[in-house]
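# Structural characterization, general
Here's the letter readout for the chains.
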Amino acid sequence: MPLGPDIVERLNRGRADLRMGVPVVLVAGGQGALALAAEALTPERFIALMTLGETVLAITARRAETLRARPYDGDIARLIVPADATPAWIAAVADPADDLTVPMKGPFDCSRGDDATLARAGVELAKSARLLPAALIVPVAEPARFAARESLTLIDWDRAGPIMLDTSPLHPVVAARLPMAAAEAGRLHVFRPEDGGEEHYAIEIGQPPRDRPVLARLHSACFTGDILGSLKCDCGPQLRAALTLMGQKGAGILLYLNQEGRGIGLANKMRAYSLQDQGFDTVEANHRLGFEDDERDFRIGAGILKRLGFSSVRLLTNNPAKIRMMEAAGIRVSERVPLKVGRTQHNDAYLATKASRSGHLL
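Given the structure is predicted, the values throughout are model-derived calculations rather than measurements.

Moving on: the environment of Lys 306. Checked against the element boundaries, Lys 306 lands in helix H13 (residues 299–307). Taking relative accessible area as the criterion, Lys 306 reaches 46% and is therefore assigned partly exposed. Distance from Lys 306 to Gly 250, taken between C-alpha atoms, is 21 Å for residues 56 residues apart in sequence. Setting aside residues up to four positions removed in sequence, Lys 306 forms contacts with Ala 329, Gly 330 and Ile 331.

Listed below in structure tokens is the structure:
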């Protein structure tokens, strides 16, 4: 039996490497390239990278729009890194923190015409590692030999790319009784994805029958709102109100999905908060960072519901997109149950943006 990592395990190893500032070697269509997350770049590795050949900084089209760079490849732009560039220049292009104080970072010389698969792969891998979606890419000859010589993780993107588009299968780890303030008849289920990613949880209230629509909520983790009581969002009040209502009704399922900051992670969420302090709304902040409006994958919640034996729900939500995603994933939504709580003077603009830009029914 082989003991080495399979392609899914290599992907997760690659994410960990990028977070530590270690490059990975990507291979697709017989071509190879070294990929390094811009956020984790060190001066020593930058010097070594630049000696290998022409280096590009791959960014998303969203970030390119802010920088007035041309995304010739549609969803990404490949900025040719100048010979006199520094790690500080890379950081300034990847991170919008100083965009208002230093608005003119270009002009940029953008690569076009040849295959952008490996550049796109580097961006996607950095994003999936909860880093800024920007990666330094430099072609390498004999990629397998290069990876072995430098002890770097080698990822076959022809095999890994399709995996990145799907959700990792979830498996139940444990379930135990959990009396709560909202309901003494509580039970917590822990689910773990095969790819080594973050675990997700299902809080079952009472003993909801599996043959009828269950009162359910898909709740994305919000450290600042759920734990710290942040007034910038309505997440904490929504979490508590949903559990309270389920307790009052005697039955329900709350899915607690570890998709902080609409799927971009806590660090990037705090970057977005900093941009909001500069005057940008939630959606604009995400775009300036290089992300889409919402990077969450609600297929995860649908998968957990199916594993628990549910096929239809009465969904506690103000977000019509959740209904569409649930039904597309095979969970019937028999009713939308509004959940309008937690409005304050601090989050009024945030809620207005959710309504006007994201279609929430508030």
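The rest of the description comes next.
Here we come to the domain arrangement of the chain. Once the domains are mapped, the chain shows domain 1 (7–164) and domain 2 (170–259 + 296–358). Once you take the C-alpha centre of each, domain 1 and domain 2 turn out to be 35 Å apart.

What follows is about the packing of aromatic side chains. By the definition in use, this model includes two aromatic pairs. Centre to centre, the rings of Trp 89 and Phe 108 are 6.2 Å apart; their planes meet at 55 degrees, and the pair counts as tilted. Residue Trp 89 is located in helix H4 (residues 87–94), and its partner Phe 108 is located in the loop between H4 and helix H5 (117–128); the two are separated by 19 residues in the primary sequence. With a relative accessible area of 21%, Trp 89 lands in the partly exposed category. Measuring from ring centre to ring centre gives 6.4 Å for Tyr 201 and Tyr 256, while their planes differ by 20 degrees; the resulting arrangement is stacked. Of this pair, Tyr 201 sits in strand S9 (residues 200–205) while Tyr 256 sits in strand S11 (residues 252–257), and the two are 55 residues apart along the sequence. Tyr 201 gets classed as partly exposed once you look at its relative accessible area, which sits at 25%. Its relative accessible area of 15% is what places Tyr 256 among the buried residues. Here Arg 112 stacks its cationic end above the ring of Tyr 72, 4.0 Å away from the centre of that ring.

A word on the pairing of strand S10 (residues 214–220). In terms of burial, S10 is a largely internal element, seven of the seven residues being buried. Residues of S10 alternate between two faces, with Val 214, Ala 216, Leu 218 and Ser 220 on one and Leu 215, Arg 217 and His 219 on the opposite face, all of them buried. Relative to strand S12 (residues 312–316), S10 is paired through three bridges, and the arrangement is parallel. When the bridges of S12 are listed, Val 214 appears paired with Val 313. Strand direction decides the pairing type here: S10 and S11, joined by five bridges, are parallel. Residue pairing for S11: Ser 220 is matched across the bridge by Leu 257.

Attention shifts here to the pairing of strand S1 (residues 24–28). In terms of burial, S1 is largely enclosed, as five of its five residues are buried. Where S1 lies against strand S2 (residues 31–37), five bridges are found, and the strand directions are antiparallel. By the bridge assignment for S2, Val 24 is matched with Ala 35. With antiparallel pairing between neighbouring strands as the criterion, S1 and S2 make up a hairpin whose turn holds two residues, including Gly 29 at a positive phi of roughly 55 degrees. Relative to strand S6 (residues 154–156), S1 runs parallel, the two being bridged by three bridges. When the bridges of S6 are listed, Leu 26 appears paired with Ile 155.

Spatial strand order, S7-S8-S9-S11-S10-S12-S13: seven strands in an open sheet with mixed pairing. Looking at strand neighbours, the two that pair on one side only are strand S7 (170–177) and strand S13 (332–337), the edges of this open sheet. Averaged over all adjacent pairs, the angle separating strand axes in this sheet is 25 degrees, with direction ignored. Of the strand pairs in this sheet, S7 and strand S8 (residues 186–193) are connected by seven bridges, and their pairing is antiparallel. Bridge assignment links Ala 175 to a residue of S8, and that residue is His 189. Contacts from helix H9 (residues 235–249) reach S9, S10, S11 and S12 within the one sheet, and its direction differs from that of S10 by about 160 degrees. Those strands touched by H13 are S7, S8, S9, S10, S11 and S12, and its axis lies near 140 degrees from that of S11.

In terms of nonpolar packing, the biggest core is built from 29 residues, with Leu 34, Leu 57, Ile 59, Leu 79, Ile 90 and Leu 136 touching the most fellow members. Contributing elements (two or more residues each) for this core: S2, helix H2 (43–50), strand S3 (56–60), helix H3 (61–67), strand S4 (76–80), H4, strand S5 (134–139) and helix H6 (143–150). Apart from residues no more than four positions distant in its own chain, Leu 136 is found in contact with Leu 34, Ala 35, Leu 36, Leu 41, Leu 49, Thr 55, Val 56, Leu 57, Val 81 and Ile 90. With 25 residues, the next largest nonpolar core counts Ala 37, Ala 58, Leu 118 and Trp 157 among its residues.

The next point concerns the sheet that holds S2. Strand pairing in a sheet takes place through backbone hydrogen bonds and is either antiparallel or parallel in direction. Spatial strand order, S4-S3-S5-S2-S1-S6: six strands in an open sheet with mixed pairing. The two strands at the open ends of the sheet, each matched to only one other strand, are S4 and S6. Averaged over all pairs of adjacent strands, the angle between their axes in this sheet comes to 30 degrees, without regard to strand direction. Sheet topology note: the S3/S4 ladder contains five bridges and is antiparallel. From the neighbouring strand, Ala 58 faces S4, where its bridge partner is Arg 78.

About the criteria used
Residues numbered from 1 in each chain as written. Predicted model: local features only at pLDDT ≥ 70, side-chain atom pairs only at ≥ 80, totals over all residues. Heavy atoms only, no water. Helix = DSSP H or I, 4+ residues; strand = E, 2+ residues; numbered from the N terminus. Buried < 20%, exposed > 50% of the residue type's maximum accessible area, 1.4 Å probe, protein only. Contact = heavy atoms within 4.5 Å. Domains from an automatic or database assignment. Phe/Tyr/Trp six-rings, centres within 6.5 Å; stacked < 30°, edge-to-face > 60°. Lys NZ or Arg CZ within 6 Å of the ring centre and 35° of its normal. Pairing = 2+ DSSP bridges. Axes fitted to C-alpha atoms, helices over the stretch in contact; angles between N-to-C directions. Core = buried A, V, L, I, M, F, W, Y, C linked by side-chain atoms within 4.5 Å.

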